[in-house]
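# Topology and contacts: notes
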Amino acid sequence: MTASDRRELGLGDDVVSPHPAGKSWLVTQQPVVLAAIMGLSLLVAMWDFNPVMEQCDDCAEYIILARSIAQGRWMQLINQPDSRRSDRLPFGFPLLLAGIERLAPGNMLAMKALNVALYALAMPVLYLLLMRHLPPPSALAVTLLALLNSLLLPFSHQVMSEVLYLLISLLTMLCLEWAEEQSEARRRRGIAGGAILAVAATTIRSIGVALFGGAVLWYLARKRYRPALLVAGLYLGVLLALHLLGAGVFGSFYVEETTKLSPVAPEFGSLKWTDLPSRVLANLKVYGLSHLSPALFPIPRVVPAAFPKVAVMLVTIPLILLILIGWGQEAAKRGLPPLYVIGYLGILAVRPPLFAYERYFAPIVPFLLWFLFTGMGEVARRMWRLSGRRLPRTMAGAADPWLAGTACFLALLALGRDYELKAVHRHHHHYWTSYLEAGEWLREHSPSDSVILARKPYSLHLLTNRKTVRVDIFGAPEQVIDLIEKYHVTFVILDHFSTGRTVQRPPALVKAIDSHQEMFEPLYTSPTSPTTIVLRVRREALAGEGSPSLRGSPKSSGQADTP
């Protein structure tokens, strides 16, 4: 972008407000606008609120860790017989939930209500950040589209860390950008506050390190070396102090799983530098061609069966190009958010493709929408200039106000599409319903000291208040028998799960039961799905075998019928 272009857009050499003060009621009445955004966010989140237990076992794991902290046992998996310490999730979100657990013990709805409140707080903060870079109508439009986003909105009522992480990351960037406009003393306090908030984001999700990296790069790109050192020193110093105190900010899961070639089959060894390009390309394919369009707009979800892959690519590739153009326009203004987003996506790109979940887009959906509309505005301006006509005044900003109407239309489209799916979302898939039915039966018909082996142990523990053990669904049958022996398992739930393409039973559990049928006694079959069964482990048969895992051999490599 040339200097004349920057003057035409009303931009200086650094990040400045893209609109003159007092020119819009969105600026003069900002407190009212912020209150309206918060109120609308709260209403939409309450409308979308789903009180039932989520199918994702991570939600239940957060609740279990919160209960562990509330009991003074820190990050222990109290659902397991050995109550081992968790090394998979950072402690920030469970620590916040522990306060709710102390105030309302066992109340999952209270934790969901906390997430709704966090969602209602995040949207006004998003608007304040966008107002620093966009004209008021466009900032409001992107905020509206974000709070109605079909990917982000469901997390407003799930006991998951996405919404809290979004709020803290927005506050971090807002604090650091605000500090650049203050006096020397206030600037230091703002930078220190931003560094502490970046640490807080890292304790919530380990990918929060992208905030630290983005902030340091932001200062270095503008040759601001002292603030860069201050942020780096505070961030790394606080993280080191937390590690020395035993808080385990990152945990071993993220680092260890990222360096494996296959987290499901670690025997293949660790990742090599020569394998990194293929992993990055695989992630770009999954995130870019599969997850990006549905994450931003519900349009590709409407008729997925009628859309061939070529048609989906024809929609997705221009979307990616517009986002890249918008990112380039915002990066040219030397702002912090573009550097943070590129760091965030870079970390996702090196993670195992097996973990390339759509939900990882949720905390950066607002930024992707922002870059998308900035890219649309830039393309529109260039096309107008190519026509040889004078550039209209309404197209002189960093993002065009007329795009606000497009954003509002797409937001209403997302709202209507979601409304059609509400009845479906408020009911579980019948396989998950049958799993809950099996848990309810065990709660009523099993001793309180029972140990249950199952595919989703955290949700099962919350439902039954029994000790639970996770089965490795793709492991070896001998490992299943070893778990039964080690933890003195008394009951097993055999159910189905979806792989995205097929629905099947856990292969390892099926083969173990098929090989040792005398050890398992069927007790209960779900009325919703007869393929979900509760089996009792016959301890007398287990004790009589001596080494049950070595007794006999699997009958076949196929799945067993109902025992």
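Data block above holds the structure.
Residues numbered from 1 in each chain as written. Predicted model: local features only at pLDDT ≥ 70, side-chain atom pairs only at ≥ 80, totals over all residues. Heavy atoms only, no water.

## Digging into a nonpolar patch on the surface
Taken together, the side chains of L289, I317, L321 and L324 define a hydrophobic patch exposed on the protein surface, amounting to about 340 Å² of accessible area. The biggest single contributor to the nonpolar patch is helix α15 (residues 309–332), with three residues. Looking at where L324 falls in the secondary structure, it is placed in helix α15. A residue is classified by how much of its surface remains accessible, and L324, at 52% relative accessible area, is exposed. (Patch = residues over 30% accessible without salt bridge, like charges linked within 9 Å, V, L, I, M, F, W, Y side chains within 5 Å. Areas by Shrake-Rupley, 256 points an atom, 1.4 Å probe, with all protein chains shown as cover. Salt bridge = Lys/Arg side-chain N within 4 Å of Asp/Glu carboxyl O. Helix = DSSP H or I, 4+ residues; strand = E, 2+ residues; numbered from the N terminus. Buried < 20%, exposed > 50% of the residue type's maximum accessible area, 1.4 Å probe, protein only.)

## A word on the pairing of strand β1 (residues 451–454)
The two faces of β1 match: V451 and L453 on one face and I452 and A454 on the other face are all buried. Of the pairings in the sheet, the one linking β1 to strand β2 (residues 467–470) comprises four bridges and is parallel in character. In the strand pairing of β2, V451 is matched with K467. Note that the unit made of β1, helix α20 (residues 457–464) and β2 has a crossover that is right-handed. (Pairing = 2+ DSSP bridges. Right-handed = clockwise from strand over helix to strand, strands pointing away.)

## So, the sheet that holds strand β7 (residues 533–537)
Sheet strands line up and pair through hydrogen bonds in the backbone, either parallel or antiparallel. Read across the open sheet, the five strands follow the order β2-β1-β3-β7-β6; overall the sheet is mixed. Since the sheet does not close on itself, it has two edges, and those belong to β2 and β6 (520–525), each with one partner. Going from strand to strand, the sheet's axes swing by 25° on average, the running direction of each strand aside. Relative to the sheet, helix α22 (residues 507–515) contacts β1, β3 (491–494), β6 and β7, its axis offset from that of β3 by approximately 120°. (Axes fitted to C-alpha atoms, helices over the stretch in contact; angles between N-to-C directions. Contact = heavy atoms within 4.5 Å.)

## A few points about the pattern of salt bridges
In total, this model carries 19 salt bridges according to the counting rule given. The salt bridge partner of E177 is R132, with a shortest N-O separation of 3.0 Å. Linking E177 in helix α8 (residues 162–179) with R132 in the loop between α6 (108–131) and α7 (136–147), this pair joins segments that are 45 residues apart in sequence.

## Quick look at the layout of surface pockets
Taken as a whole, the second largest pocket spans an internal volume of roughly 430 Å³. As for the second largest pocket, its lining consists of 18 residues, of which L284, I320, L324, L345 and F361 are closest to the centre. Among the secondary structure elements, those contributing two or more residues to the lining of the second largest pocket are α13 (276–296), α15, α16 (336–349) and α17 (365–386). With six residues, the single largest contributor to the lining of the second largest pocket is α16. Classifying every residue of the lining of the second largest pocket by side-chain character gives 15 nonpolar, three polar and no charged. (1 Å grid on protein atoms, 1.4 Å probe; cavity = no way out; pocket = protein on both sides within 12 Å on 5 of 7 lines; lining within 4 Å. Points joined across faces, edges and corners; volume = space filled by probe spheres on them. Nonpolar A, V, L, I, M, F, W, Y, C, P; charged D, E, K, R; others polar.)

## Things to note about α16
Over its 14 residues, α16 extends 20 Å from the first C-alpha to the last, a length consistent with the 20 Å expected when each residue adds 1.5 Å. Every buried residue of α16 is accounted for by L336, P337, P338, Y340, V341, Y344, I347, L348 and A349. (Expected span 1.5 Å × (residues − 1).)

## What about the nonpolar core?
One finds M123, L296, Y340, F367 and I493 to be the most contacted residues of the largest nonpolar core, which totals 126 residues. Beyond its immediate chain neighbours, meaning those up to four positions away, L296 contacts N149, L319, I323, V365, L368, L369 and L372. Among the nonpolar cores identified, the runner-up in size contains 21 residues, and V451, I484, L509 and M519 belong to it. (Core = buried A, V, L, I, M, F, W, Y, C linked by side-chain atoms within 4.5 Å.)

## Some points on the pairing of β3
Residue alternation in β3 divides its side chains into two sets, F491 and I493 and V492 and L494, and both sets are buried. Here β1 pairs with β3 via two bridges, running parallel. Note on β3: the bridge partner recorded for L453 is V492. Bridge count between β3 and β7: four bridges; the pairing is antiparallel. Counted as the bridge partner of V492 is L535 from β7.

## Brief notes about the environment of L453
Summarising the element assignment, L453 is placed in strand β1. For L453, a relative accessible area of 0% gives the class buried. Between the C-alpha atoms of L453 and V469, which are 16 residues apart in sequence, the distance is 4.8 Å. L453 has contacts with V469, R470, V471, V480, L483, I484, V489, F491, V492, I493 and L509, leaving out every residue within four places of it along the chain.

## Describing unusual backbone geometry
A positive phi angle, near 55°, is found at W74, a position not held by glycine. The topology assignment puts W74 in the loop between α4 (57–70) and α5 (92–103). The class of W74 is partly exposed, set by a relative accessible area of 27%. Its identity is not glycine, yet H488 carries a phi of approximately 55°, on the positive side. Mapped onto the fold, H488 is located in the loop between α21 (477–487) and β3.

## Some points on the packing of aromatic side chains
In total, this model carries 13 aromatic pairs according to the counting rule given. Plain terms: the ring middles of Y287 and F361 are 5.5 Å apart, the flat faces sit at 65° to each other, and that makes the pair edge-to-face. Of this pair, Y287 sits in helix α13 while F361 sits in the loop between α16 and α17, and the two are 74 residues apart along the sequence. The exposure classification of Y287 matches that of F361, with both residues buried. Judged by centre distance (6.4 Å) and plane angle (40°), the rings of F367 and W370 are tilted. With F367 and W370 both in helix α17, this residue pair falls three residues apart, about one helical turn. Aromatic ring contacts, followed pair by pair, group Y165, Y340, Y344, F367, W370 and F371 into a single cluster. A cation sits over an aromatic face here: K112 above F49, 5.9 Å from the ring centre. (Phe/Tyr/Trp six-rings, centres within 6.5 Å; stacked < 30°, edge-to-face > 60°. Lys NZ or Arg CZ within 6 Å of the ring centre and 35° of its normal.)

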